[in-house]
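Summary of the model geometry
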Amino acid sequence: SEEALGALEAIAEDVPAGRLAKVAWFHRLRARLVQGANHLPPEERRSEAKRAYESTLLADPESVEGRRALAQLDLAEERTIEGTLGLEALLEAEPRDLLTRLRLVAALRGKGWLHAAEQTLAAAPQEQQGLLPIVMTQLALLESRGEDGGAEGERLRQATRLRPFEVHVVRCFMHLLA
């Protein structure tokens, strides 16, 4: 990651001044590389990533990835209200954005705001309600409440037993969201 970040910085030095300021993908790539740059102290990684995502939004104010990442950084820095409001604004603009919905639910669940998490999940479009990530998240919310969910919980557990490999993939994905 250190080498990739160095290579990206070298490219930036070779490009005429100001040209990359308008290229959102460059800033997104830089942010991702900085976030994975284990040679940097965590605080520096966060601040550099935040600066890169802010540059992404300057180049492309509608960048969902940039807006989502800034909200996630707010959450990571314990600015819960700012982070959840950022994710909620993204969902309001695009209700079918499953990744943002799941990240918001994970953040709410992590804070113990289970009712808000359940409402956010229930507001998913009807065509998403049976998707495995939604079902797994519903089960996780039941477990957070210390409940088995009765017949509904059993139905959800049964739905997850049908596709073991998918369950594994979704659990890994949900772990990344948390």
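All chains use their own residue numbering, which begins from 1 and follows the written sequence. It should be noted that, the model being predicted, local features are given only for residues of pLDDT at least 70 and side-chain atom pairs only at 80 or more, the latter also being counted only at that level, while totals for whole chains, interfaces and linings use all residues. Calculation of side-chain values draws on the structure's entire complement of heavy atoms; hydrogens and water are dropped beforehand.

So, on to the environment of Gln126. What counts as a helix is a DSSP run of H or I of at least four residues, what counts as a strand is a run of E of at least two, and both are numbered from the N terminus. Considering the arrangement of structural elements, one finds Gln126 in the loop between α7 (114-122) and α8 (132-144). The spacing of Gln126 and Arg96 is 30 residues in sequence and 9.8 Å in space, taken between C-alpha atoms.

Looking now at the packing of helix α2 (residues 24-35) against helix α3 (residues 42-59). Here an axis means a line fitted to C-alpha atoms, over the contact stretch when the element is a helix, while the angle between two N-to-C directions is reported on a 0 to 180 degree scale. Following both chains from N to C, one finds α2 and α3 inclined at 165°, their axes separated by 8 Å at the closest point. Relative to α3, α2 is oriented roughly antiparallel. Like other packed secondary-structure pairs, α2 and α3 cross with a definite hand, here left-handed. Of the residues in α3, those in contact with Ala24, His27, Arg28, Arg30, Ala31, Arg32, Val34 and Gln35 of α2 are Arg45, Glu48, Ala49, Ala52, Tyr53, Ser55, Thr56 and Ala59. Here the residues of the contact of α2 with α3 are counted per class, giving seven nonpolar, four polar and five charged. Each angle gets one of four labels, with under 35 degrees taken as roughly parallel, over 145 as roughly antiparallel, 65 to 115 as roughly perpendicular, and the rest as oblique. With the far helix as reference, a near helix turned anticlockwise by less than a right angle produces a left-handed crossing, and one turned clockwise produces a right-handed crossing. For this analysis, residues touch if any pair of their heavy atoms sits within 4.5 Å. Here the nonpolar group is Ala, Val, Leu, Ile, Met, Phe, Trp, Tyr, Cys and Pro; Asp, Glu, Lys and Arg are the charged ones; every other residue, Gly included, is treated as polar.

Despite not being glycine, Glu78 shows a phi value in the positive range, around 65°. On the secondary structure map, Glu78 appears in the loop between α4 (64-76) and α5 (80-93).

Turning our attention to α2. In this scheme, a helix's expected span is set at 1.5 Å multiplied by one less than its residue total. Its 12 residues give α2 an end-to-end C-alpha distance of 17 Å, which sits within 8% of 16 Å, the value for a rise of 1.5 Å per residue. Residue burial is assigned from relative accessible area. The probe radius is 1.4 Å, only protein chains are included, and a residue is buried under 20% of its type maximum, exposed over 50%, and partly exposed in between. Burial in α2 covers these residues: Ala24, Phe26, His27, Arg28, Arg30, Ala31, Leu33 and Val34.

We now examine the pattern of salt bridges. Salt bridge, as used here, is a side-chain nitrogen of Lys or Arg placed within 4 Å of a carboxyl oxygen of Asp or Glu. A complete count under the given rule lists 12 salt bridges for this structure. Where Glu65 meets Arg28, a salt bridge forms, and the shortest distance between an N and an O atom there is 3.4 Å. With a gap of 37 residues between them, Glu65 in helix α4 and Arg28 in helix α2 connect regions that are remote in the sequence. When its relative accessible area of 24% is taken as the criterion, Glu65 is described as partly exposed. Taken together, the shared-partner salt bridges in this structure form one network comprising Glu43, Arg46, Asp74, Glu77 and Arg79.

The next subject is α7. Along α7, the positions that sit buried rather than exposed are Leu114, Ala117, Thr120 and Leu121. Buried residues in α7, looked at end-on, bunch into an arc of 125°, giving them a common side. Opposite its buried face, α7 presents the exposed residues His115 and Ala122, each directed more than 90 degrees away. It is the directions from the helix axis to the C-beta atoms whose arc is reported.

Let us look at a nonpolar patch on the surface. On the surface, Ile81, Leu85 and Trp113 cluster together into a nonpolar patch covering about 310 Å² of accessible area. With respect to the helices and strands, the residue Trp113 is situated in the loop between α6 (98-110) and α7. Without a salt bridge and with relative accessible area above 30%, a residue can belong to a patch; like charges are then joined within 9 Å and nonpolar side chains (Val, Leu, Ile, Met, Phe, Trp, Tyr) within 5 Å. The Shrake-Rupley method, run with a 1.4 Å probe sphere, supplies the accessible areas, and residue values consider only the shown protein chains as cover.

Let us look at the nonpolar core. Counting residues in each nonpolar core, the largest one holds 17 residues, and the members touching the most others are Leu87, Leu121, Ile134 and Leu141. Taken together, the elements giving at least two residues each to this core come down to α4, α5, α6, α7 and α8. Sorting elements by how many residues they give to this core places α6 first, with six residues. Residues contacting Leu121, with those up to four places away along its chain left out, are Arg101, Leu102, Val105, Gln129, Ile134, Thr137, Gln138 and Leu141. In this text, buried Ala, Val, Leu, Ile, Met, Phe, Trp, Tyr and Cys residues form a nonpolar core when linked through side-chain atoms within 4.5 Å.

As a further point, take the packing of α5 against α6. Between α5 and α6, the shortest axis-to-axis distance is 9 Å and the interhelical angle comes to 150°. Here α6 runs roughly antiparallel to α5, going by the angle between their axes. In the crossing of α5 with α6, the sense of the turn from one axis to the other is left-handed. Here α5 contributes Thr84, Leu87, Glu88, Leu90 and Leu91 to the contact with α6, which in turn contributes Thr100, Arg101, Arg103, Leu104 and Leu108.

Here Leu33 lies in helix α2. Sequence separation of Leu33 and Ala49 is 16 residues, and the distance between their C-alpha atoms is 8.4 Å.

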